[in-house]
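Descriptive structure summary
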Amino acid sequence: MSLIVDLHSHSTASDGTLSPTDLVNQASTAGVDMLALTDHDTTTGIVEAVMTADPLDLMLIPGIEVSVTWNAHVVHIVGLGIDIENRQLQEGLKALCEFRDWRAVQIGDRLAQAGIEGAYEGAKALSNGRLISRSHFARFLVEKGHAPDVRRVFKRFLTHGKPGHVAGRWASLEDAVTWIHGAGGQAVIAHPARYPFTRTKLRRLIAEFKEIGGEALEVVSGSQSSDENQTMARHARDFELLGSAGSDYHGPESPWTGLGRVSPMPDGVTPIWQSWQDQPQIQSA
Ligand code: AMP
Ligand code: MN
Ligand code: MN
Ligand code: MN
């Protein structure tokens, strides 16, 4: 029987809506054999996830999704199998979280100028004192009736040129890969079909990533169509990168994704987890 592998998911440590415990239990119920928790720019959910997975028949891979600015675009780099105690990684993530705190105040100010009061406080309350993401602003704006759903909030308020947009100042591609490698992990370009890039530009990103020593492309993603997965499989083969697969689950509010609901890896791409099965990466916290 083939393994159910899901190497991209979020908890309340970043912008997911399930706690690490609920996420791991739900993955276990869904029959997931290997789950990576990959919160945005923070590893604060990992210890809880590892402890919850410990008595279960589920391999928990400590992960991260690092926000990167590449050629003035935001790109996400997933790290898998990281040592969360690595100092350089944590210092890098701390800087990103400080930027997030500053940005949240700015977003609140800009929305206030557009006539929407209390957005910073509202988003902060929804984040439960943990990391603040644009997703928290989006949920606040939906609650207050400024748009019917999160997707439309992003379009109307939170993307480039819109009232609540603040340009990101994230890690460089090289920093992200270096932090992940320094922490003993493998680096993956997340959801490669989601960037607003031409084929040439995407291949430039992949080439640079490969040059820096990045290991894998998220060939199979819950946010990609099967045609997009096939296209990404061709890129992975061309650049001799491993393939990763993940749902990018953020919680039950997004019924179009599900934990472990990940298509099979296309032929000719080596799954990144193939080499892990002999050397389980489960680490006791
Ligand atoms: P941030 O890293 O705080 O800028 O927020 C990025 C997060 O917002 C992503 O990880 C997604 O979870 C979410 N997001 C971005 N764009 C959209 C969109 N168009 N619709 C819904 N969620 C989005
Ligand atoms: Mn997210
Ligand atoms: Mn992402
Ligand atoms: Mn993600």
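Throughout, residues of each chain are indexed from 1 in the direction in which the sequence is written. Here chains are named by letter from A upward and ligands by number from 1 upward, in the order in which they appear as written. Thresholds applied to this predicted model are a pLDDT of at least 70 for local features of residues and 80 or more for the giving and counting of side-chain atom pairs; totals over whole chains, interfaces and linings are not thresholded and use all residues. Side-chain descriptors were evaluated using all non-hydrogen atoms of the structure, hydrogens and water having been removed beforehand.

This part covers the packing of aromatic side chains. Stacked, tilted and edge-to-face are the three classes applied to pairs of Phe, Tyr and Trp rings, where Trp contributes its six-membered ring and a pair requires centres within 6.5 Å; stacked means planes under 30 degrees apart, edge-to-face means over 60, and tilted covers the rest. For the structure shown, the criterion picks out four aromatic pairs. Taken together, Trp-70, Tyr-195 and Phe-197 form an aromatic cluster joined through their ring pairs. Think of it as a cone above the ring: NZ of Lys or CZ of Arg counts as a charge over the ring if it is within 6 Å of the ring centre and within 35 degrees of the ring normal. Cation over ring: Arg-169 sits above Trp-102, and NZ or CZ is 5.0 Å from the ring centre.

Turning to the environment of Val-142, a few remarks are in order. Numbering of helices and strands runs from the N terminus, with a helix taken as a DSSP run of H or I at least four residues long and a strand as a DSSP run of E at least two residues long. Position of Val-142 among the secondary structure elements: in helix 5 (residues 134-143). Whether a residue is buried, partly exposed or exposed follows from its accessible area with a 1.4 Å probe, protein chains only, as a fraction of its type maximum: under 20%, in between, or over 50%, in that order. Overall, the relative accessible area of 24% leaves Val-142 in the partly exposed class. Sequence separation between Val-142 and Arg-152 is ten residues, and the spatial gap between their C-alpha atoms is 9.0 Å. Aside from chain neighbours lying at most four places away, what touches Val-142 is Ala-147, Pro-148, Asp-149, Val-150 and Val-153. Note on contacts: a residue pair qualifies if any of its non-hydrogen atoms lie within 4.5 Å across the two residues.

Let us look at the coordination of the manganese ion (ligand 3). Here a donor is any nitrogen, oxygen or sulfur atom (N, O, S) within 2.8 Å of the metal, with 3.2 Å used for Na, K and Ca; water is not among the atoms considered, so some sites may look incomplete. Binding of the manganese ion (ligand 3) to the protein goes through Glu-65 (OE), His-76 (ND1) and His-191 (NE2), at separations of 2.1 to 2.2 Å. Here the donor residues for the manganese ion (ligand 3) map to a single chain with the spacing E-x10-H-x114-H. The metal-metal distance between the manganese ion (ligand 3) and the manganese ion (ligand 2) is 5.6 Å. Of this pair, His-76 sits in strand 4 (residues 73-80) while His-191 sits in the loop between strand 5 (186-189) and helix 8 (199-212); the two residues are 115 residues apart in sequence, bridging distant segments of the chain. Comparing His-76 with His-191 shows no difference in burial state: the two are buried.

Below, the discussion takes up helix 8. Here a helix's expected span is defined as the number of its residues, less one, multiplied by 1.5 Å. Compared with an ideal rise of 1.5 Å per residue, which puts 14 residues at 20 Å, helix 8 spans 20 Å between its outermost C-alpha atoms and is within 8% of the ideal. On its buried face, helix 8 sits against strand 3 (59-70), strand 4, helix 7 (173-182), strand 5, strand 6 (216-221) and helix 9 (226-238). One or two residues past the end of helix 8 sits Gly-213, with phi positive at roughly 115°.

To continue, consider the site of ligand 1. We define proximity as follows: a residue is near a molecule or strand when any one of its heavy atoms falls within 4 Å of that partner. By nearness alone, every residue bordering ligand 1 is listed as Asp-15, His-40, Arg-100, Arg-103, Ser-133, Arg-134, Ser-135, Val-150, Arg-151, Phe-154 and His-250. Within the side chain of Arg-100, a nitrogen or oxygen atom sits 2.8 Å from an oxygen atom of ligand 1. Each polar contact in these results corresponds to two N or O atoms within 3.5 Å; when the atoms are within protein, one needs to be able to donate a hydrogen and the other to accept it, and residues that are neighboring in sequence are counted only if both atoms are side-chain atoms. Between ligand 1 and His-250 there is a distance of 3.0 Å, counted from an oxygen atom to a side-chain nitrogen or oxygen. Working definition of accessibility: Shrake-Rupley area with a 1.4 Å probe, residue cover restricted to the visible protein chains. Summarising the interface, the protein chains cover 75% of the accessible area of ligand 1, which totals 500 Å² for the free molecule. Elements with a contribution of two residues or more to the shell around ligand 1: helix 3 (87-113), helix 5 and helix 6 (150-158). Per-element tally for the shell around ligand 1: the top contributor is helix 6, with three residues. Grouping the constituent residues of the shell around ligand 1 by class yields two nonpolar, four polar and five charged. In this classification, Asp, Glu, Lys and Arg are treated as charged, Ala, Val, Leu, Ile, Met, Phe, Trp, Tyr, Cys and Pro as nonpolar, and every other residue, Gly included, as polar.

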